[in-house]
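# Coordinate inspection notes
Each chain, written out:
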Amino acid sequence: MPYASDIMTTLNNEVGYIGKQNNSNIDDKDSMGDSGSYTKYSYEIDTKYSNLYDQKRNGIPKWSAIFVQWGFIVTYGYEKALDLLYLTEHNNMYDPENFMNLFKNNGVFDNNPKPGDVIFIGSIRDDGQAEISCGLVYKMSGGYVGIIQSAEDIIIQNSIDLNDPVILGFGHPKFTNNVSEGDTLTIHVTPPYESWPYDALPSETPAPEDEEGEEEHDHDAPVFRYNKLYFQTSGP
């Protein structure tokens, strides 16, 4: 069952990764020297999932869509990731604009974000040309949306005002549980909790009681509360 929390955890673990100048040490988070467009995300798709795109992409700039799609593949598996993201093989969805239009064409693109959605951002480069990039929504709070994205060849967490005109919209993957405020779901978090992707703090507010017939959670694990979203953590 595909939970939105799983992809958020996967991509949060990549925060701090820096693109490389070549394939040397491509799996390392830190970059030896200047950043570049060689990434483990493009490399793995080129080598392990070579039927996904219509061309090889490692070393080519604009890899924000590749980063998001890689995350879905390693989280849910190749076939399920294609289904969740409306993808077919031999596509050109490595281009963020094409990826955005894919969601539009499937009628799942709007301005109402939920955690796990794909955000599309428009910006103007130094040369005056428009450029589109994308990332993953991992929280909403106080009129802002928290995202994980590649920016200047580095994976970062960022926060954007929902009224900021750079936001072009949000694509909705086919999650079984499309997360919203008030929803309850179980996610697996391995201590230490410094890597917690929701910037949540331990709370004395109890999580909602298990409904009759549902699987019981490990209530010895910490309970976190964030912006009316409750998460009961359990072991790896």
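Okay, so let's go over this structure. (Residues numbered from 1 in each chain as written. Predicted model: local features only at pLDDT ≥ 70, side-chain atom pairs only at ≥ 80, totals over all residues. Heavy atoms only, no water.)

This part takes up the environment of Tyr94. If you trace the backbone, Tyr94 turns up in the loop between α4 (78–84) and α5 (96–105). On the accessibility criterion, Tyr94 (8% relative accessible area) is buried. Taking the C-alpha atoms as reference points, Tyr94 and Val68, 26 residues apart in sequence, are found 9.6 Å from one another. With near-sequence residues (within four places) excluded, Tyr94 lies in contact with Tyr53, Asp54, Gln55, Arg57, Lys62, Ala65 and Ile66. (Helix = DSSP H or I, 4+ residues; strand = E, 2+ residues; numbered from the N terminus. Buried < 20%, exposed > 50% of the residue type's maximum accessible area, 1.4 Å probe, protein only. Contact = heavy atoms within 4.5 Å.)

So, on to unusual backbone geometry. Of note in the backbone geometry, Lys62 takes a positive phi value of approximately 65 degrees without being a glycine. Turning to its location among the elements, Lys62 is positioned in the loop between α2 (40–48) and α3 (64–76). Judged by its relative accessible area of 38%, Lys62 falls in the partly exposed class. Phi angles above zero are rare outside glycine, and Tyr86 is one such case at about 65 degrees. The topology assignment puts Tyr86 in the loop between α4 and α5. Judged by relative accessible area, Tyr86 falls into the buried class, the value being 18%.

As a further point, take the side chain of Asp46. Within the fold, Asp46 resides in helix α2. This buried residue, Asp46, is left without a salt bridge; Lys56 holds the nearest opposite charge, at 5.4 Å. Side-chain polar atoms of Asp46 contact the backbone nitrogen of Asn58, separated by 2.9 Å. Setting aside residues up to four positions removed in sequence, Asp46 forms contacts with Gln55, Lys56, Arg57 and Asn58. (Lys, Arg positive; Asp, Glu negative; His and termini not counted. Salt bridge = Lys/Arg side-chain N within 4 Å of Asp/Glu carboxyl O. Polar contact = N/O pair within 3.5 Å; in protein donor to acceptor, adjacent residues only side chain to side chain.)

The next subject is α3. With 13 residues, α3 should reach 18 Å at 1.5 Å per residue; the first-to-last C-alpha distance of 19 Å fits that figure. Those residues of α3 that fall on the buried side of the exposure criterion are Ser64, Ala65, Ile66, Phe67, Val68, Gln69, Trp70, Gly71, Phe72, Ile73 and Tyr76. Downstream of α3 by one or two residues, Gly77 has phi in the positive range, about 95 degrees. (Expected span 1.5 Å × (residues − 1).)

Another aspect to go through is the pattern of salt bridges. Enumeration over the complete set of coordinates arrives at four salt bridges. Ionic pairing is found between Asp95 and Lys62, a salt bridge with its closest N-O pair at 4.0 Å. Linking Asp95 in the loop between α4 and α5 with Lys62 in the loop between α2 and α3, this pair joins segments that are 33 residues apart in sequence. A salt bridge links Asp83 to Lys174; its shortest N-O distance comes to 3.1 Å. With a gap of 91 residues between them, Asp83 in helix α4 and Lys174 in the loop between β6 (167–171) and β7 (184–188) connect regions that are remote in the sequence. Overall, the relative accessible area of 34% leaves Asp83 in the partly exposed class. Taken together, the shared-partner salt bridges in this structure form one network comprising Lys80, Asp83 and Lys174.

In this section: α5. All of the buried residues along α5 are Pro96, Phe99, Met100, Leu102 and Phe103. What you see down the axis of α5 is that its buried residues fit within an arc of 150 degrees, all on one side. If you check the start of α5, you find a side-chain oxygen 2.8 Å away from the backbone N of Glu97, and it comes from Asp95. (Arc of directions from axis to C-beta.)

Attention shifts here to the pairing of β6. Of all five residues in β6, four are buried, a share of seventy percent or more. In this sheet, β6 lies alongside strand β1 (residues 109–110) in antiparallel orientation, the contact comprising two bridges. Bridge pairing links Phe109 to Gly171 in β6. (Pairing = 2+ DSSP bridges.)

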